[in-house]
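# Results of the structural survey
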Amino acid sequence: QVQPVESGGGLVQAGGSLSLSCTASGRTFSSYAMGWHRQAPGKDREFVASISWSGSKTYYADSVQGRFTISRDNAKNTVYLRMISLNPEDTAVYYCARGQLPYLDVTNMAGFGSWGQGTQVTVSS
């Protein structure tokens with residue numbers, strides 16, 4: 001069972017930036033889409049961004065388009081989320097997850113499995 005591990009969360013002021021990392025074990029990392037999701041207090045978990053297995057395609061929620069960038073390094077089994085122009089509405093626990101099927105782009109939460117434990121991002125006003 002693949003268990004992604006997120007890191008890089010923390011406290012940042014509004015307008016600031018933060019980068020998250022997610023490392024997943026296993027030799028099949030490069031065969032699966034990876035995604036970032038978040039859950040704010042009292043709200044449902046939501047899709048944030050995903051990247052295809054090769055890294056050639058990326059997808060974003062409207063709320064983060066233009067501010068967040070997802071990328072991956074298959075040699076390091078790691079996917080990244082670079083976040084800029086953060087605002088308090090971005091405060092949430094951010095989760096990394098792997099697509100359930102190899103070589104398939106995923107743009108909604110239902111297509112992901114193997115979730116990490118999450119990392120807290122807090123944006124102060």
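Before any of the text, the structure's been laid out above.
Residues numbered from 1 in each chain as written. Predicted model: local features only at pLDDT ≥ 70, side-chain atom pairs only at ≥ 80, totals over all residues. Heavy atoms only, no water.

### Let's talk about the overall build of the protein chain
Along the protein chain, the regular secondary structure elements total zero helices and eleven strands. Listing the helices and strands of the protein chain from first to last along the sequence gives β-β-β-β-β-β-β-β-β-β-β. Expected size for 125 residues packed as a compact globule is a radius of gyration near 14 Å; at 13 Å, the protein chain falls within 12% of this value. The burial tally for the protein chain puts 44% of its 125 residues in the buried class. Considering only contacts in the protein chain between residues 6 or more positions apart, those separated by 24 or more positions represent 58%. Here the protein chain displays about 6200 Å² of accessible surface, and carbon together with sulfur accounts for 49% of that area. Charged side chains of the protein chain number 10 positive and 8 negative; the gap between the two group centres comes to 8 Å. (Helix = DSSP H or I, 4+ residues; strand = E, 2+ residues; numbered from the N terminus. Rg over C-alpha atoms; globule rule 2.2 N^0.38 Å. Buried < 20%, exposed > 50% of the residue type's maximum accessible area, 1.4 Å probe, protein only. Contact = heavy atoms within 4.5 Å. Areas by Shrake-Rupley, 256 points an atom, 1.4 Å probe, with all protein chains shown as cover. Lys, Arg positive; Asp, Glu negative; His and termini not counted. Charge placed at Lys NZ, Arg CZ, Asp CG, Glu CD.)

### Some points on the state of the cysteines
Under the criterion given, the structure shown has one disulfide. At a sulfur-sulfur separation of 2.1 Å, the disulfide partner of Cys22 is Cys96. The chirality of the disulfide connecting Cys22 with Cys96 is left-handed, given an S-S dihedral of about -75°. Residue Cys22 is found in strand β3 (residues 18–23), and its partner Cys96 is found in strand β9 (residues 92–99); the two are separated by 74 residues along the sequence. Classification of Cys22 by relative accessible area gives buried; the value is 0%. Relative accessible area serves as the criterion here: at 0%, Cys96 is assigned to the buried category. (Disulfide = S-S within 2.5 Å.)

### What about the nonpolar core?
Formed by 32 residues in total, the largest nonpolar core has its most connected members in Trp36, Leu81, Met83 and Tyr94. Excluding residues that lie within four positions of it along the chain, Tyr94 makes contacts with Glu6, Leu20, Trp36, His37, Arg38, Val48, Phe68, Leu81, Met83, Gly118, Thr119 and Val121. (Core = buried A, V, L, I, M, F, W, Y, C linked by side-chain atoms within 4.5 Å.)

### Points about the packing of aromatic side chains
With the rule as written, the count across this model stands at one aromatic pair. Between Trp53 and Tyr103, the aromatic rings sit 5.0 Å apart at their centres with planes inclined by 90°, giving edge-to-face as the arrangement. You can see Trp53 sitting in the loop between β5 (46–51) and β6 (58–60) and its partner Tyr103 sitting in the loop between β9 and β10 (112–115), a full 50 residues away along the chain. Taking relative accessible area as the criterion, Tyr103 reaches 52% and is therefore assigned exposed. A cation over a ring is seen here: Arg45 above Tyr95, with NZ or CZ 3.6 Å from the ring centre. Seen from the ring of Trp115, Arg45 lies directly overhead, with NZ or CZ sitting 4.9 Å from the centre. (Phe/Tyr/Trp six-rings, centres within 6.5 Å; stacked < 30°, edge-to-face > 60°. Lys NZ or Arg CZ within 6 Å of the ring centre and 35° of its normal.)

### So, the pattern of salt bridges
Tallied over the entire structure, the rule returns four salt bridges. The residue Arg38 makes a salt bridge to Asp90 at a minimum N-O spacing of 2.9 Å. Placement of the pair is Arg38 in strand β4 (residues 34–39) and Asp90 in the loop between β8 (78–83) and β9, with a sequence separation of 52 residues. Across this residue pair, the class does not change: Arg38 and Asp90 are buried. For the salt bridge of Lys57 with Asp105, the shortest nitrogen-to-oxygen distance reads 3.8 Å. Highlighted residues: Lys57 in the loop between β5 and β6 and Asp105 in the loop between β9 and β10, separated in sequence by 48 residues. Given the relative accessible area of 44%, Lys57 is considered partly exposed. Among the residues examined, Asp105 registers a relative accessible area of 27% and is labelled partly exposed. The network of salt bridges with shared partners includes Arg38, Glu46, Arg67 and Asp90. (Salt bridge = Lys/Arg side-chain N within 4 Å of Asp/Glu carboxyl O.)

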